[in-house]
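# Inside the fold
Each chain, letter by letter, is given below.
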Amino acid sequence: MAMIEVKNVTKQFGDLTVLDNFSVDFDHSGVTVLIGPSGTGKSTLLRCINGLEKIDEGDILVDGLSVNNKKNLKQIRKTCGMVFQQTVIFPHMNVLDNLTMSPIKLLRMSKAEAEDKARYYLDKVGLASKEKSRHNELSGGEQQRIAIARALMMSPEALLLDEITSALDPEMTREVLNILVNLAKEGVCMLCVTHEMSFAKEVASRILFMEGGKLVCDVSKDDFFGSVREENERINKFLSFIGE
Amino acid sequence: MQDVHTIGKYADFAVGDIRTFAEACGVTLSVTLLSLLIGTVIGIIFGLIRCSKNKLIRFLPLIIMEPLRNSPLVVQLFLVYYGLPVMAGILLKDYTAAIITLSLNTAAFFGVLVHNSILAIPVSQWEAGYALGHGKFSTFINVIARQALRLLIPQAITLYIGQLQCSSIVSLISLRDITRVGQLLSVRTMRPFAVWGIVFGLYYLVSFPLARLADYLAKRIDYTY
Ligand SMILES: Nc1ncnc2c1ncn2[C@@H]1O[C@H](COP(=O)(O)OP(=O)(O)OP(=O)(O)O)[C@@H](O)[C@H]1O
Ligand SMILES: [Mg+2]
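Calculation criteria
- Residues numbered from 1 in each chain as written.
- Chains lettered and ligands numbered in written order.
- Predicted model: local features only at pLDDT ≥ 70, side-chain atom pairs only at ≥ 80, totals over all residues.
- Heavy atoms only, no water.
- Contact = heavy atoms within 4.5 Å.
- Buried area = accessible area lost by both parts, 1.4 Å probe.
- Salt bridge = Lys/Arg side-chain N within 4 Å of Asp/Glu carboxyl O.
- Polar contact = N/O pair within 3.5 Å; in protein donor to acceptor, adjacent residues only side chain to side chain.
- Near = heavy atom within 4 Å.
- Helix = DSSP H or I, 4+ residues; strand = E, 2+ residues; numbered from the N terminus.
- Nonpolar A, V, L, I, M, F, W, Y, C, P; charged D, E, K, R; others polar.
- Buried < 20%, exposed > 50% of the residue type's maximum accessible area, 1.4 Å probe, protein only.
- Pairing = 2+ DSSP bridges.
- Disulfide = S-S within 2.5 Å.
- Core = buried A, V, L, I, M, F, W, Y, C linked by side-chain atoms within 4.5 Å.

This next bit is on the interface of chain A and chain B. When the parts come together, some accessible area is lost, and that loss is often what is quoted as the size of the interface. On the chain B side, the residues contacting the 24 residues of chain A number 19 residues. Carbon and sulfur atoms make up 61% of the area that chain A and chain B hide from each other, which totals about 1,800 Å². Here chain A is connected to chain B by 1 salt bridge. Between A:Arg47 and B:Glu127 there is a salt bridge whose closest N-O contact spans 2.6 Å. Taken together, the links from chain A to chain B amount to 5 residue pairs in polar contact (both at pLDDT 80 or more).

Structure (structure tokens):
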């Protein structure tokens, strides 16, 4: 059984069909990169997997639990950590509390244990010195790295990352991507929406291309940048368009 | 002790008037504080119900809040004090009528403040809470409420100051608050300027520090967020 099974999902906003009878599976391993033109429903797909949007038809199972049952949502969200394009640090607490609050409240971790774990992850994202900082004392890239660390605190089985570098300048983008590369090498399972093709080439094992609410192609990285690109005019055009 | 009620008979200030003013301060403060306390509790309930997703439930508090926000407080007081006994046969003491009126009026305005403060927190904060595995309640308590509170507090203090001034209308149902004692004493002493000067000073004494506190907290919020 795959970790995430998206089965014939249709999602509409009013008259707009954003996901059209969409099906795909994700396994417990590796980095899957999801690409496609703007407005094709990439964010919507991630939000549906995490139960932030209700689906109109079909089903999504995360470790066998359906998103259609509200009671499963907490568990599903613990299984899949999510980081958004616009960073959301909790402004009323410092960095350390941002990280420890959820494990303490939800996993009943002791404060000391949570802080140890938080320091471990802060170190991993290169921000060990910032534990007492507030969100307004952090750069965009630092905030995004903290959001990643905060998601990891819940020990998710997978990270859902939605264009988490697209609001950052190239230097900060690189900082964040380096963190992701390291995590990938350590075996953290990720599903990323990103247009950073250098990142995809470096760590992705699988590439999904979607357009118009449908999955256009689902192949390994090597095939994608090799044969698929050569044969598929649309994908070639898209890759050229994003400067690849 | 010189009694304030010797109206018509002239008598200058006496030492006993200090006590009269002190008692009046007690009445004003107790009416105001009790009303603000009750009004805040009911207002929080109104504000939370106003945040409901269900349209009908969300509408219900408005039935009480809107009339209270859109009519003069003094009319509400007369309605409760003079109207209720006739309508429902409920005879209220002046003190009780004053507190009921001021509490409900405060609740109506406080409910709006609570509702607006919660709405002012971006949806992305809710979603960040959900995405970490918090339920609605946990997200509200741990993420939203604490941010909303910082927006709410300075506005609440400003409302409280306003309600303190408005409490002076209870003098119209002869409750001996600061304003009422001012009326009686100004007639008795025939020194309106001195008496109303004192009354003015007493309200100001309580309000001014509160106003400064509200300003301070409001500035601090802009600074940290
Ligand atoms: N809450 C919403 N209400 C109405 N329409 C929405 C909503 N959220 C998304 N949409 C629409 O759904 C479509 C898909 O949006 P989505 O954010 O999933 O696209 P995307 O593939 O992530 O695009 P991008 O690359 O620009 O982030 C868009 O046309 C968008 O306008
Ligand atoms: Mg998107």
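Further notes follow.
Before going further, it helps to spend a moment on the site of ligand 1. Residue and element names in this part refer to chain A. In the region of ligand 1, the neighbouring residues are Phe13, Leu16, Val18, Ser38, Gly39, Thr40, Gly41, Lys42, Ser43, Thr44 and Glu163. Within the contact set of ligand 1, an oxygen atom lies 3.0 Å away from a backbone nitrogen or oxygen of Gly41. Here an oxygen atom of ligand 1 sits 2.8 Å away from a polar atom, N or O, in the side chain of Lys42. Put simply, the parts of the chain that give the shell around ligand 1 at least two residues each are β2 (16–26) and α1 (42–49). A total of 3 residues in the shell around ligand 1 trace back to one element, the largest contributor, which is α1. Looking at the shell around ligand 1, its residues break down into 3 nonpolar, 6 polar and 2 charged.

Looking at the secondary structure, you find A:His92 in the loop between β6 (80–83) and α3 (95–106). Residue classification places A:His92 among the buried positions, given a relative accessible area of 5%. From its side chain, A:His92 meets the backbone oxygen of B:Asn142 in a polar contact 2.9 Å long.

As a further point, take the pairing of strand β10 (residues 214–220) of chain A. Residues and elements named next belong to chain A. Of the strand pairs in this sheet, strand β9 (residues 206–211) and β10 are connected by 6 bridges, and their pairing is antiparallel. Bridging from a neighbouring strand, Arg206 pairs with Ser220 of β10. Between β9 and β10, which follow one another and run antiparallel, lie 2 residues, and Gly212 among them has a positive phi close to 60°.

Let us now look at the state of the cysteines. In this structure the tally under the stated criterion is 0 disulfides over all chains. Here A:Cys192 stays free of any disulfide, with the sulfur of A:Cys189 as its closest cysteine sulfur at 9.4 Å.

Attention shifts here to the nonpolar core. Within soluble globular proteins, side chains that are nonpolar tend to cluster in buried spots. Ranked by size, the top nonpolar core spans 53 residues in total, and within it A:Ile4, A:Val6, A:Leu45, A:Ile49, A:Ile60 and A:Leu160 carry the most contacts. It is helix α6 (residues 136–166) of chain B that provides the largest number of residues to this core, a total of 7 residues. Residues in contact with A:Leu160, not counting those within four places in the same chain, are A:Ile4, A:Leu46, A:Ile49, A:Asn50, A:Cys80, A:Gly81, A:Met82, A:Val83 and A:Leu191. In terms of nonpolar packing, the next biggest core, distinct from the first, is built from 50 residues, A:Leu161, A:Met197, A:Phe209 and A:Phe224 among them.

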